[in-house]
Amino acid sequence: MQNVDVQEHLGENIPLDLTFATSKGDSVTIRELMEGDKPVILNPVYYNCPMLCSMVTDAIYTGIKDLKWDPGNQFEIITFSFDPDEDTPLADSTKQVYSEKLGEDRVSSGWHFLTGRQDVIKELTQAVGFKYEKVERNGEYAHSAAIIFLSPDGTITRYLYGIKFDEFQFRNALYDAADGEIGSAVDKVVMYCYQYDPSSQSYVPVAWRIMQLGGLATVLILGIFLGLLWLKEKGSKHDRKLNN
């Protein structure tokens, strides 16, 4: 376990021209999957993992199933195996599991399940700081539970850890990765009030931002109130002139 860890490389870029195999057996680069304008959730797994990998991937499903943003439209998900011995049929069978859970349309358009060669896998996992170790006595892998968020140009923007991610965490992490280019005006206001806290590994409210928005709201309400009083007074003067 001493070589199992996640070393965060925030702000660094991943190599986008690495070639993997899709769940249909076609060759594709990370760049082609990102399409240049969408943030990405990167999900390192191995498909035959007896427990942890499926729990992390299930957590992704739980986090996005109620999200009003859709894979393929506002963001992409790339699940890739770090076991070079795993093949395309295995990736495809895993994809079918989530197609049944989330819906064929949402998965086929924006959730990609990949396999690859050892050299390509090593380059990508090293780029994101995901360290794992094969346990020779049983052929399984020791690894951490983490997902990585990428901006549209491949910059690492956020790591989330564990086996539970709620919809709010996803919205904030995707919003950060997209640099505010997705979401409604209400989303932007809500997310402005929260910031990622590395010590708790979650998004927490930021008091000064909330106070700033509260002050702005107070000024707007006061302005509207004074404006209505001014209009009322103006109307009263106009009526008095007509009566005279």
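Our structure's up above, just so we're on the same page.
Residues numbered from 1 in each chain as written. Predicted model: local features only at pLDDT ≥ 70, side-chain atom pairs only at ≥ 80, totals over all residues. Heavy atoms only, no water.

1. Some points on the pairing of strand E4 (residues 40–45)
Then comes step 1: Counting buried positions over the 6 residues of E4 gives 6, a clear majority of the element.
Then comes step 2: By the alternation rule, side chains of E4 split into Val40, Leu42 and Pro44 and Ile41, Asn43 and Val45, which are all buried.
Then comes step 3: In terms of strand pairing, E4 meets strand E5 (residues 76–81) through 6 bridges, oriented parallel. Pairing of Ile41 across the sheet is with Ile77, part of E5.
Then comes step 4: Once the chain exits E4 it traverses helix H2 (residues 52–65) before rejoining the sheet at E5, and the crossover so formed is right-handed.
Then comes step 5: For E4 and strand E10 (residues 146–150), the ladder comprises 3 bridges, and the chain directions are antiparallel. Looking at E10, one finds that Leu42 is bridged to Ile148. (Buried < 20%, exposed > 50% of the residue type's maximum accessible area, 1.4 Å probe, protein only. Helix = DSSP H or I, 4+ residues; strand = E, 2+ residues; numbered from the N terminus. Pairing = 2+ DSSP bridges. Right-handed = clockwise from strand over helix to strand, strands pointing away.)

2. Side note on the side chain of His112
Then comes step 1: Its location among the elements puts His112 in strand E6 (residues 111–114).
Then comes step 2: Using a relative accessible area of 16% as the deciding quantity, one classes His112 as buried.
Then comes step 3: Reaching out from His112, the side chain makes a polar contact with the side chain of Glu76 at a distance of 2.8 Å.
Then comes step 4: Setting aside chain neighbours within four positions, we find His112 in contact with Leu33, Glu76, Ile77, Ile78 and Thr79. (Polar contact = N/O pair within 3.5 Å; in protein donor to acceptor, adjacent residues only side chain to side chain. Contact = heavy atoms within 4.5 Å.)

3. Some words on the packing of H2 against helix H3 (residues 88–102)
Then comes step 1: One can describe the packing of H2 onto H3 by two numbers: an axis separation of 11 Å at closest approach and a directional angle of 25 degrees. When the interaxial angle is binned, H2 and H3 end up roughly parallel. Relative to H3, the crossing made by H2 is right-handed. Every residue of H3 that contacts H2 at Ser54, Thr57, Asp58, Tyr61, Ile64 and Lys65 is listed here: Tyr98, Lys101 and Leu102. (Axes fitted to C-alpha atoms, helices over the stretch in contact; angles between N-to-C directions. Parallel < 35°, antiparallel > 145°, perpendicular 65-115°, else oblique. Left-handed = near helix turned anticlockwise from the far one by under 90°.)

4. Some details on helix H5 (residues 118–128)
Then comes step 1: All of the buried residues along H5 are Val120, Ile121, Leu124, Thr125, Ala127 and Val128. Buried residues along H5 cover an arc of 160 degrees about the axis, so they all sit on one side.
Then comes step 2: In this structure, the buried side of H5 is in contact with strand E2 (19–21), E4, E5, strand E7 (130–131), E10 and strand E11 (156–161).
Then comes step 3: With its phi angle positive at about 75 degrees, Gly129 sits one or two positions after the end of H5. (Arc of directions from axis to C-beta.)

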